[in-house]
Amino acid sequence: MTMKFIDVAFNGGMKIDAILHPPVTPAGPDTPAPASTVIRTDQPVKDGGEGTAPTPFELFLASLATCAGVYAQRFCEARKISTEGLGIRVGCEFAPKGFQVTRMTFVVTPPQGFPDEYRDALVRAVELCAVKKHIMTPPAFEVVLA
């Protein structure tokens, strides 16, 4: 089984980073380790942060939007269709109380000169987003103390 680890770093105030490490796979002694990626988060000033980076929840929403973008771009590129003018705008509706998203609407603007016969297929491609699939069939969550 491949494992991927994410470490959390506390950087003062409400600045909290996620350090994404590459998946752990067997590697030979001459194989350089792939670099980790750091994703910075913060909270708005009204919530005790400095507003210097997106909140974790904003990153969650952005991951859904950008994942849809990846699938739309790959769809076009696989068919040698220019992505000039391709766009996706995601509307997020929230419950009247609490901070629960109740609906997300992905509005896809096809690129310039996009063939009409591919319109439905582009929608189906965007619906394949892996992040969305994880929400639809969530993983098990477990919190343990070290």
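Residues numbered from 1 in each chain as written. Predicted model: local features only at pLDDT ≥ 70, side-chain atom pairs only at ≥ 80, totals over all residues. Heavy atoms only, no water.

Draft legend 1. Representation of the layout of surface pockets in the model. Its boundaries defined by the atoms lining it, the largest pocket holds a volume of some 690 Å³. What lines the largest pocket is a set of 15 residues, among which Lys4, Phe5, Ile6, Ala18 and Leu20 lie closest to the centre. Those elements that provide at least two residues to the lining of the largest pocket are strand S2 (16-20), strand S3 (37-41) and helix H1 (56-78). No other element matches the 3 residues that S2 contributes to the lining of the largest pocket. Put simply, the second largest pocket is a space of about 460 Å³. Going through the elements one at a time, H1, strand S5 (101-109), helix H2 (119-126) and helix H3 (130-136) are the ones with two or more residues in the lining of the second largest pocket. (1 Å grid on protein atoms, 1.4 Å probe; cavity = no way out; pocket = protein on both sides within 12 Å on 5 of 7 lines; lining within 4 Å. Points joined across faces, edges and corners; volume = space filled by probe spheres on them. Helix = DSSP H or I, 4+ residues; strand = E, 2+ residues; numbered from the N terminus.)

Draft legend 2. Structural view of the pattern of salt bridges. Applying the stated criterion across every chain, the model contains 3 salt bridges. Among the salt bridges present, the one from arginine 40 reaches aspartate 17, with a minimum N-O distance of 2.4 Å. Of the two residues, arginine 40 sits in strand S3 while aspartate 17 sits in strand S2, which places them 23 residues apart along the sequence. Close ionic contact of aspartate 47 with lysine 46 constitutes a salt bridge, the shortest N to O distance being 3.3 Å. (Salt bridge = Lys/Arg side-chain N within 4 Å of Asp/Glu carboxyl O.)

Draft legend 3. Up close: the nonpolar core. Ranked by size, the top nonpolar core spans 10 residues in total: Ala68, Ala72, Phe75, Cys76, Ile81, Phe114, Ala121, Leu122, Ala125 and Val126. Breaking this core down by element, the ones donating at least two residues are H1 and H2. Ignoring sequence-local partners within four residues, the contact set of phenylalanine 75 consists of Phe114, Tyr118, Ala121, Leu122 and Ala125. (Core = buried A, V, L, I, M, F, W, Y, C linked by side-chain atoms within 4.5 Å. Buried < 20%, exposed > 50% of the residue type's maximum accessible area, 1.4 Å probe, protein only. Contact = heavy atoms within 4.5 Å.)

Draft legend 4. Fine view of H2. Every buried residue belonging to H2 is among Ala121, Leu122, Ala125 and Val126, and all of these are buried. Relative to the axis of H2, the buried residues are bounded by an arc of 140° and lie together on one face. Projecting away from the buried face of H2 at angles above 90 degrees are the exposed residues Asp120 and Arg124. On its buried face, H2 sits against H1 and S5. (Arc of directions from axis to C-beta.)

Draft legend 5. Focus on the packing of aromatic side chains. The final tally for this structure, using the stated rule, is 7 aromatic pairs. Pairing phenylalanine 57 with phenylalanine 60 gives two aromatic rings, centres 5.6 Å apart and planes at 40°, and the pair type is tilted. Placement of both phenylalanine 57 and phenylalanine 60 in helix H1 is noted, with a separation of 3 residues, approximately one turn of the helix. Looking at phenylalanine 57, the relative accessible area reads 27%, which means it is partly exposed. (Phe/Tyr/Trp six-rings, centres within 6.5 Å; stacked < 30°, edge-to-face > 60°.)

Draft legend 6. Expanded view of the packing of H1 against H2. Close contact between H1 and H2 brings their axes to 8 Å; oriented N to C, the two are set at 140°. Accordingly, the angle class assigned to the pair H1 and H2 is oblique. Two packed elements cross with a definite hand, and for H1 against H2 that hand is right-handed. The segment H1 lies against H2, with Ala68, Tyr71, Ala72 and Phe75 engaging Ala121, Leu122, Ala125 and Val126. Considering only residue class, the contact of H1 with H2 consists of 8 nonpolar, no polar and no charged. (Axes fitted to C-alpha atoms, helices over the stretch in contact; angles between N-to-C directions. Parallel < 35°, antiparallel > 145°, perpendicular 65-115°, else oblique. Left-handed = near helix turned anticlockwise from the far one by under 90°. Nonpolar A, V, L, I, M, F, W, Y, C, P; charged D, E, K, R; others polar.)

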